[in-house]
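Architecture at a glance
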Amino acid sequence: MKNKIALAALALCLSGVANANVIVNGDFEAGLTGWSITGIGGLAGAPYFGGGTPAANGVYMAVFNQGEQAPNAVLSQSFATLAGHTYHVTFDYGTNNGNWQQIDVAVAAQDHSVLSSGNYAAPGPWLHGFAFDFTAASSLSTLTFTDDVHNWTFSTDGLLDNVVVADTHPVPEPASIALLTLGLAGIGALRRRQR
């Protein structure tokens, strides 16, 4: 019976929870720290012009198409991954008014091979949640958001917020492992004492 309890405790500890966000500054509250940006893009505070969407968390969002410029912004970040692990990506995207905008999203491995890509469209003026999964192929992956070249830019800007990338593989919690170790040591001591 004690062995069954010990095995159940071990299984419970090893089930753990998913890893926390591996993206730095996914809520853009530290500006564009951690992100690389090219083209016409930047940072927006809420409320954004035209009565736009409030940020999903905090005050700031990344913005694409500022100043009615060509839709050419690219925002990216590289992060550590474990090959073979599946990662869940979520983000909020929308516009500052009622016009639709599209954003191209891709994840690439260290050798630049594409692990996942898609085009996501959202009406404004609200941020909409999107999600997808990818399986890492190397120790470094890069997430890229690219302003779609077909976007209408007259008084319409794309807004991005709340970017999260989490490893879906369960990890044991250190406290649970410590408790399990103490429990197993206690069971071992009981067995020795009974002999």
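Residues numbered from 1 in each chain as written. Predicted model: local features only at pLDDT ≥ 70, side-chain atom pairs only at ≥ 80, totals over all residues. Heavy atoms only, no water.

1. Comments concerning the overall build of the protein chain
Stated precisely, the cut-off is as follows: Helix and strand definitions follow DSSP, with helices as H or I runs of at least four residues and strands as E runs of at least two, each counted in order from the N terminus. For the exposure calls, accessible area comes from a 1.4 Å probe over protein chains only, and a residue counts as buried if that area is under 20% of its type's maximum, exposed if over 50%, partly exposed in between. The criterion used for residue contact is that any of the two residues' heavy atoms lie within 4.5 Å. Accessible surface area values rest on a Shrake-Rupley calculation with a 1.4 Å probe, where residue burial reflects the displayed protein chains alone.
For the protein chain, the count of helices and strands is 2 helices and 10 strands. Mapped from its N terminus to its C terminus, the protein chain presents α and β elements in the order α-β-β-β-β-β-β-β-β-β-β-α. A burial count over the protein chain gives 37% of its 195 residues as buried. Of the contacts made within the protein chain by residues no fewer than 6 positions apart, 77% connect residues no fewer than 24 positions apart. Total accessible area computed for the protein chain in this model is approximately 10000 Å², and 62% of it derives from carbon and sulfur atoms.

2. Observations regarding the packing of aromatic side chains
For clarity, the threshold we go by: For Phe, Tyr and Trp, where Trp contributes only its six-membered ring, two rings pair if their centres lie within 6.5 Å, and the inter-plane angle classes them as stacked under 30 degrees, edge-to-face over 60, or tilted in between.
Taken as a whole, this structure holds 10 aromatic pairs when the rule is applied. Considering the side-chain rings of Tyr87 and Phe134, the 5.4 Å spacing of their centres and the 15° angle between planes classify their relative orientation as stacked. Here Tyr87 is found in strand β5 (residues 86-95), whereas its partner Phe134 is found in strand β8 (residues 128-135), with 47 residues between them in sequence. The exposure class of Tyr87 is buried, given its relative accessible area of 2%. Ring centres of Tyr120 and Phe132 lie 6.1 Å apart, and the angle between their planes is 25°; on these two criteria the pair is classed as stacked. Taken together, the residues Tyr120 in strand β7 (residues 114-122) and Phe132 in strand β8 connect sequence positions 12 residues apart. Comparing Tyr120 with Phe132 shows no difference in burial state: the two are buried. Clustering of aromatic rings is evident, with ring pairs tying together Phe28, Trp35, Phe91, Tyr120, Phe130, Phe132 and Phe145.

3. Considerations on the pairing of β7
The side chains of a regular strand alternate, residue by residue, between the two faces of the sheet. In plain terms, the rule: Two strands pair under a simple rule: DSSP has to find at least two bridges between them.
Note that strand β6 (residues 101-109) and β7 share 8 bridges and pair antiparallel. Bridge pairing in β7 links Ala106 to Ser117. Taking the residues that link successive antiparallel strands as the turn, the β6-β7 hairpin has 4 residues, and the phi of His112 there is positive, at about 75°.

4. With respect to the environment of His88
Applicable threshold: Under this definition, polar contacts are N or O atom pairs within 3.5 Å; protein pairs additionally need one hydrogen-donor-capable and one acceptor-capable atom, and for neighbouring residues in sequence, both atoms have to be side-chain atoms.
Within the secondary structure, His88 sits in strand β5. Those residues in contact with His88, other than ones at most four positions away along the chain, are Ala131, Phe132, Asp133, Val164, Val165, Ala166 and Thr168. Polar side-chain contacts of His88 include one of 2.5 Å to the side chain of Asp133.

5. A word on the confidence of the model for the protein chain
Quick note on the threshold: Confidence per residue, as judged by the predictor, is encoded in pLDDT with a range of 0 to 100.
Across the protein chain, the average pLDDT comes to 82, with 72% of residues at or above 70. Strand β4 (residues 74-80) holds the highest mean pLDDT among the elements of the protein chain, 98, whereas helix α1 (residues 2-15) holds the lowest, 47.

6. Focus: the environment of Trp35
With respect to the helices and strands, Trp35 occurs in the loop between α1 and β1 (36-38). With 108 residues separating them along the chain, Trp35 and Leu143 place their C-alpha atoms 9.9 Å apart. The contact partners of Trp35, leaving out residues within four places of it in the chain, are Ile23, Val24, Asn25, Gly26, Phe28, Leu75, Ser76, Gln77, Phe145 and Val163. At 3.1 Å, the side chain of Trp35 forms a polar contact with the backbone oxygen of Asn25.

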